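So the chains spell out like this:
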Amino acid sequence: MVLLRRELGDVLREKRQGQGRTLREVSAQASCSLGYLSEVERGEKEASSELLASICKALDVPLSEMLSDVADRVSLAEAASAQMTTVLTEGLATPISRGEVPRRTGRRTVVSAA
């Protein structure tokens, strides 16, 4: 399951680290505790819209840009999850029978037919 708070935290961390800034610097400028910002970045806490706006302002990143980046990540995660579910439920991954397992004999790999 895709969790919005995790994707949001990842985007915030990437933006902050991309600027070479510390949690301490951003938390001070955003007027939130260092510990809380850390929990938001790790996806452990849900940030209010007011806090998100404050963090974005501290990072000098438009809120709309940050939310767009989060939406892109959620979309990719959902697509990957759906693809994996399809593979698992529809059997698109065929099991290898014991006789088809490659075995090494000296320098050559031999595939024996069962």
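For the structure itself, look to the data block above.
One structure accompanies this document, and this report is about it. The model shown is predicted, which means the values in this text are computed figures rather than measured ones. (Residues numbered from 1 in each chain as written. Predicted model: local features only at pLDDT ≥ 70, side-chain atom pairs only at ≥ 80, totals over all residues. Heavy atoms only, no water.)

## As for the nonpolar core
- Counting residues in hydrophobic clusters, the biggest one holds 20 residues, and the most contacted among them are L12, I55 and M66.
- Here the element with the most residues in this core is helix 4 (residues 49–59); it accounts for six residues.
- Ignoring anything within four residues of it in the chain, the contact list for I55 reads L12, V26, A30 and L37. (Core = buried A, V, L, I, M, F, W, Y, C linked by side-chain atoms within 4.5 Å. Buried < 20%, exposed > 50% of the residue type's maximum accessible area, 1.4 Å probe, protein only. Helix = DSSP H or I, 4+ residues; strand = E, 2+ residues; numbered from the N terminus. Contact = heavy atoms within 4.5 Å.)

## Section: the packing of helix 2 (residues 23–30) against helix 4
- One can describe the packing of helix 2 onto helix 4 by two numbers: an axis separation of 8 Å at closest approach and a directional angle of 120 degrees. Accordingly, the angle class assigned to the pair helix 2 and helix 4 is oblique. For the crossing formed where helix 2 meets helix 4, the hand is right-handed. Along its contact with helix 2, which presents V26, Q29 and A30, the element helix 4 presents S54, I55, A58 and L59.
- Residues belonging to the contact of helix 2 with helix 4 are distributed by class as follows: five nonpolar, two polar and no charged. (Axes fitted to C-alpha atoms, helices over the stretch in contact; angles between N-to-C directions. Parallel < 35°, antiparallel > 145°, perpendicular 65-115°, else oblique. Left-handed = near helix turned anticlockwise from the far one by under 90°. Nonpolar A, V, L, I, M, F, W, Y, C, P; charged D, E, K, R; others polar.)

## Concerning unusual backbone geometry
- One non-glycine residue, S31, lies in the positive phi region at around 55 degrees.
- By the secondary structure assignment, S31 is in the loop between helix 2 and helix 3 (34–41).
- Backbone geometry at D60 places phi at a positive 55 degrees, although glycine is not the residue there.
- Within the secondary structure layout, D60 lies in the loop between helix 4 and helix 5 (63–90).

## Remarks on the environment of S31
- Judged by its relative accessible area of 67%, S31 falls in the exposed class.
- Spatially, the C-alpha atoms of S31 and L51 are 8.7 Å apart, while their sequence positions differ by 20 residues.

## Here's the deal with the side chain of R21
- Locating R21 in the fold gives a position in the loop between helix 1 (4–18) and helix 2.
- Separated by 2.6 Å, the side chains of R21 and Q29 make a polar contact.
- What R21 contacts, discounting residues up to four positions off in sequence, is R16, V26, Q29, A58 and L59. (Polar contact = N/O pair within 3.5 Å; in protein donor to acceptor, adjacent residues only side chain to side chain.)

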